[in-house]
Each structure stands twice: as C-alpha cells, then as structure tokens.
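The residues making up each chain are set out below.
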Amino acid sequence: MVNLKKHSLAFILLAAFIIVPLTIGNTTDVHNVIIYILIYAMVGEAWNLITGFTGQTSFGHAAYFGIGAYTSTIMLEYFHITPWIGMIVGGIIAVILALVVNFQMFKLKGHYFAIATLCVAEILKTIFSTWKWVGAGDGIALTPITVLIPDASKNAWGKIAWLSLDVRNRLPFLFTTLAVFCIVFVVCVILENSKVGFYWKAIRESHEVAESIGINPRNYKLLAMCLSAFIAAIGGTFFAQFFKYIDAITVFPLSVSMIFVLVTVLGGIGNVYGPIIG
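These remarks concern the structure in this document. Per chain, residues are indexed from 1 in the order of the written sequence. Local features in this predicted model are restricted to residues of pLDDT 70 or higher, and side-chain atom pairs are both shown and tallied only at a pLDDT of 80 or more, whereas totals for entire chains, interfaces and linings draw on every residue. Each side-chain value is derived from all of the structure's non-hydrogen atoms; neither hydrogens nor water enter the calculation.

### Here we look at the overall build of the protein
Turning to step 1, where the next piece is worked out: Put simply, DSSP marks the helices as runs of H or I at least four residues long and the strands as runs of E at least two long, and each gets a number from the N terminus on. Within the protein, the regular secondary structure consists of 14 helices and 2 strands.
Turning to step 2, where the next piece is worked out: Here the protein, with 278 residues, has 52% of them falling under the buried criterion.
Turning to step 3, where the next piece is worked out: Long-range contacts, defined here as pairs at least 24 residues apart, represent 77% of the contacts in the protein between residues at least 6 apart.
Turning to step 4, where the next piece is worked out: Every accessible area reported is derived by Shrake-Rupley at a probe size of 1.4 Å, with residue values counting cover from the shown protein chains alone. Counting only carbon and sulfur atoms, one obtains 71% of the accessible surface of the protein, whose full area is about 12500 Å². The buried label goes to any residue with under 20% of its type's maximum accessible area, the exposed label to any with over 50%, and the partly exposed label to all in between, with areas taken from a 1.4 Å probe on protein chains only. Working rule for contacts: check all heavy atoms of both residues, and any pair within 4.5 Å makes them a contact.

So, in structure tokens, the structure goes:
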C-alpha cells in the first residue's frame with residue numbers, strides 16, 4: 001500500500017507546477033523552463049528504475065529517448081498520425097530494442113555494462129545520422145499541424161488529439177506534459193512499494209543473495225529496463241513535440257544520457273523524488 005502522507009511533498013510540488021504557470025510565472029520563458037523540467041524529470045524517473053532500483057548503471061538511455069522522438073515525429077510528419085499513437089508505438093519499439101539488446105548485455109556487470117549501453121546509443125546516432133529516410137544529418141522539422149492537415153482544427157478529434165500536443169499553445173502543452181509526468185510518477189511510486197520493487201532492491205544490494213532466495217536477476221532487470229525504455233520513449237515524444245525539430249545529434253548523444261543521469265544523481269538516486277529535485 002502507498003502511504004499518501006509519506007508523499008505529501010508530491011502534492012505540494014503538483015500545486016506549485018499548476019499555480020506558478022498561471023500566476024507569477026505566466027510567461028513563455030517560465031513555461032519553457034517548467035516543460036524542460038518535466039520532460040527531463042520524466043526520463044530521469046525512467047533511468048532511476050534501472051539504475052536507482054536495480055543497480056545497473058546505464059549511460060545509453062538516449063537510445064530509447066531518441067527512438068520515441070523519431071517514431072512519433074515520423075508518424076506525424078510522414079503519415080499524419082497523432083503523436084499520442086506515435087508515443088505508444090515509439091514506446092513499444094523502445095521496449096523491443098531493450099529486450100533484444102539487454103538480454104545478453106545483462107551478463108556484463110558494473111562499468112562494462114555502462115559502456116555497452118553507451119555504445120548502443122552511439123550506434124543508433126550513427127545510423128540515424130546517415131539514414132536519408134529520416135532526414136540523415138538534416139533531421140526532421142515538424143510542419144505546423146494547420147499546414148500539415150488544413151482542416152485539423154475544424155473537428156473535435158483534431159482539437160483534442162492534435163492541439164493538446166501543439167507547443168504553440170504553451171499552457172495546454174505544459175499541463176498535458178504535467179499530467180503524463182504525474183502518471184509516470186505514480187507508476188514509479190507503486191512499483192517502488194510493490195513486490196517487484198523489493199525484488200529490484202534485493203538485486204541491487206546483492207545478485208547472489210537475491211538468487212539464493214529464488215529471485216531471477218536477469219528477468220527482473222529486463223522488466224525494469226523495458227519499463228524504463230517505454231517511459232524514456234514517452235519523454236522523447238514530448239521533447240520532439242516541444243522543439244518541433246529533431247536530428248540524431250540532438251536526441252542520441254552521450255550528453256543527453258548524462259542529463260538523465262545528473263538530474264537523478266543530484267536529486268537523489270533510488271528515490272522517486274530525485275529526478276524532480278535534480
């Protein structure tokens with residue numbers, strides 16, 4: 001069971017994120033900063049699942065972040081499919097990538113695993129930098145939805161599904177990002193206090209002891225990585241919609257992965273509040 005009193009700080013932070021943009025911070029610059037915080041905190045929560053809870057340090061979360069960004073952008077720009085669907089598809093692709101790559105990589109430990117995850121992101125950066133269908137080095141610039149689909153604003157579906165992720169409307173975009181972040185935060189809190197969460201922490205403390213009491217470290221680490229990849233891809237979708245432009249250098253480099261590491265480590269690794277504070 002989740003103790004609500006224990007998470008009173010969450011309600012205070014939620015109130016601040018709602019009140020500040022509507023009052024003293026009702027400017028585009030402040031809205032941009034809050035959106036930045038929410039996107040990076042969201043992916044920080046994802047990174048915290050695999051590193052803070054299970055003890056597997058990843059320096060390659062930009063791989064899943066970038067997959068989410070590219071998938072939703074391609075589906076919107078090329079096929080005129082709402083980013084909400086692109087977000088889910090990107091998350092699924094990120095999960096598949098996490099399964100395929102990490103099934104064998106979890107045989108590695110410590111800094112060897114960290115370096116291997118970094119290599120995955122760098123390989124994807126090289127591939128997407130030369131892949132002409134996704135813009136290669138030029139990247140992809142998102143066309144304004146009113147140009148892409150001239151009658152999108154004339155029906156209820158268009159107003160709800162498209163404009164809610166249209167960054168030109170800063171406040172709706174901010175509150176949509178906040179709502180998704182809150183869902184991610186609640187999921188992480190539930191996981192932390194669940195049986196799976198305790199298994200992850202047991203693995204973090206000692207693989208050998210965890211195995212001796214019947215826990216399969218590889219399976220539970222794969223579960224953590226898949227959930228982490230899915231959330232990171234969601235963050236990538238919001239990043240792409242926020243900037244309206246992506247390329248491989250923007251979403252796949254080591255510097256992006258390090259942002260997710262730093263916001264979590266500075267705020268407190270292994271704690272669901274760490275990425276928000278960081």
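### A short note on the environment of Ala229
Turning to step 1, where the next piece is worked out: Of note, Ala229 is situated in helix α11 (residues 217–243).
Turning to step 2, where the next piece is worked out: Remark: the alpha-carbon pair of Ala229 and Phe65, spanning 164 residues in sequence, is separated by 7.6 Å.
Turning to step 3, where the next piece is worked out: If near-sequence neighbours (up to four positions away) are discounted, Ala229 is found in contact with Tyr64, Ala94, Val95 and Ala98.

### Quick look at a nonpolar patch on the surface
Turning to step 1, where the next piece is worked out: Each patch is assembled from residues with relative accessible area greater than 30% and no salt bridge, linking like charges that lie within 9 Å and nonpolar side chains (Val, Leu, Ile, Met, Phe, Trp, Tyr) that lie within 5 Å. Whenever a carboxyl oxygen of Asp or Glu lies within 4 Å of a side-chain nitrogen of Lys or Arg, that contact is scored as a salt bridge. Residues Tyr78, Phe79, Ile123, Ile127, Trp131 and Trp133 make up a contiguous nonpolar surface patch of about 620 Å² in total accessible area.
Turning to step 2, where the next piece is worked out: Of all the elements in the fold, those that place two or more residues in the nonpolar patch are α3 (62–79) and α5 (111–130).
Turning to step 3, where the next piece is worked out: Mapped onto the fold, Trp131 is located in the loop between α5 and β1 (140–141).

### Considering the pattern of salt bridges
Turning to step 1, where the next piece is worked out: Inspection of the entire model under this criterion finds 3 salt bridges.
Turning to step 2, where the next piece is worked out: The closest approach of N and O atoms between Lys125 and Glu122, which form a salt bridge, is 3.1 Å. Taken together, the residues span about one helical turn, with Lys125 and Glu122 both in helix α5 at a distance of 3 residues.
Turning to step 3, where the next piece is worked out: Take Lys125: its relative accessible area is 19%, and that puts it in the buried class.
Turning to step 4, where the next piece is worked out: Judged by relative accessible area, Glu122 falls into the partly exposed class, the value being 24%.
Turning to step 5, where the next piece is worked out: With its nearest N and O atoms 3.1 Å apart, the salt bridge here joins Glu205 to Arg204.

### Examining the packing of aromatic side chains
Turning to step 1, where the next piece is worked out: Aromatic rings from Phe, Tyr and Trp, taking only the six-membered ring of Trp, are treated as a pair when their centres fall within 6.5 Å; an angle between ring planes under 30 degrees marks them as stacked, one over 60 as edge-to-face, and anything in between as tilted. Counted by the stated rule, this structure contains 24 aromatic pairs.
Turning to step 2, where the next piece is worked out: With 5.1 Å between their ring centres and 70° between their planes, Phe242 and Phe243 make a pair best called edge-to-face.
Turning to step 3, where the next piece is worked out: According to the relative accessible area criterion, Phe243 is partly exposed, its value standing at 35%.
Turning to step 4, where the next piece is worked out: Here the aromatic cluster, defined as three or more aromatic residues joined through ring pairs, consists of Tyr36, Tyr40, Phe65, Trp84, Phe173, Phe238, Phe239, Phe242, Phe243 and Phe260.
Turning to step 5, where the next piece is worked out: Stacked on the ring of Phe53, the Lys or Arg Lys201 has its end atom at 5.9 Å from the ring centre. Whether a charge sits over a ring comes down to the Lys NZ or Arg CZ being within 6 Å of the ring centre and within 35 degrees of the ring normal.

### Thoughts on unusual backbone geometry
Turning to step 1, where the next piece is worked out: Positive phi outside glycine occurs at His80, with the angle close to 60°.
Turning to step 2, where the next piece is worked out: As for its position among the elements, His80 is in the loop between α3 and α4 (83–105).
Turning to step 3, where the next piece is worked out: Among the residues examined, His80 registers a relative accessible area of 36% and is labelled partly exposed.
Turning to step 4, where the next piece is worked out: The backbone of Ala136 sits at a positive phi, close to 50°, despite the residue not being glycine.
Turning to step 5, where the next piece is worked out: Relative to the assigned elements, Ala136 resides in the loop between α5 and β1.
Turning to step 6, where the next piece is worked out: The exposure class of Ala136 is buried, given its relative accessible area of 15%.

### Some details on the packing of α3 against α5
Turning to step 1, where the next piece is worked out: Here an axis means a line fitted to C-alpha atoms, over the contact stretch when the element is a helix, while the angle between two N-to-C directions is reported on a 0 to 180 degree scale. Look at α3 against α5: their axes get within 9 Å of each other, and the N-to-C directions meet at 30°. Contacts from Ala63, Ile67 and Tyr70 in α3 reach Val120, Ala121, Leu124 and Phe128 in α5.
Turning to step 2, where the next piece is worked out: Partitioning the contact of α3 with α5 into residue classes produces 7 nonpolar, no polar and no charged. Residues were grouped as follows: Ala, Val, Leu, Ile, Met, Phe, Trp, Tyr, Cys and Pro as nonpolar; Asp, Glu, Lys and Arg as charged; and all remaining residues, including Gly, as polar.

### Considering the environment of Ala98
Turning to step 1, where the next piece is worked out: Among the secondary structure elements, Ala98 is positioned in helix α4.
Turning to step 2, where the next piece is worked out: Linking Ala98 and Ser228, residues 130 residues apart in sequence, is a C-alpha distance of 9.0 Å.
Turning to step 3, where the next piece is worked out: Setting aside anything within four residues of it in sequence, one finds Ala98 in contact with Tyr64, Phe103, Leu222, Met225, Cys226 and Ala229.

### Re the side chain of Asn102
Turning to step 1, where the next piece is worked out: If you trace the backbone, Asn102 turns up in helix α4.
Turning to step 2, where the next piece is worked out: In protein, a polar contact means a hydrogen-donor-capable atom and an acceptor-capable atom, both N or O and within 3.5 Å, with residues adjacent in sequence counting only if both atoms are side-chain atoms; elsewhere, any N or O pair within 3.5 Å suffices. One polar contact links Asn102 to Tyr64, side chain to side chain, over a distance of 3.0 Å.
Turning to step 3, where the next piece is worked out: Within the structure, the side chain of Asn102 is placed 2.8 Å from the backbone oxygen of Ala98, a separation counted as a polar contact.
Turning to step 4, where the next piece is worked out: If sequence neighbours within four positions are ignored, Asn102 has contacts with Tyr64, Phe113, Leu222 and Met225.

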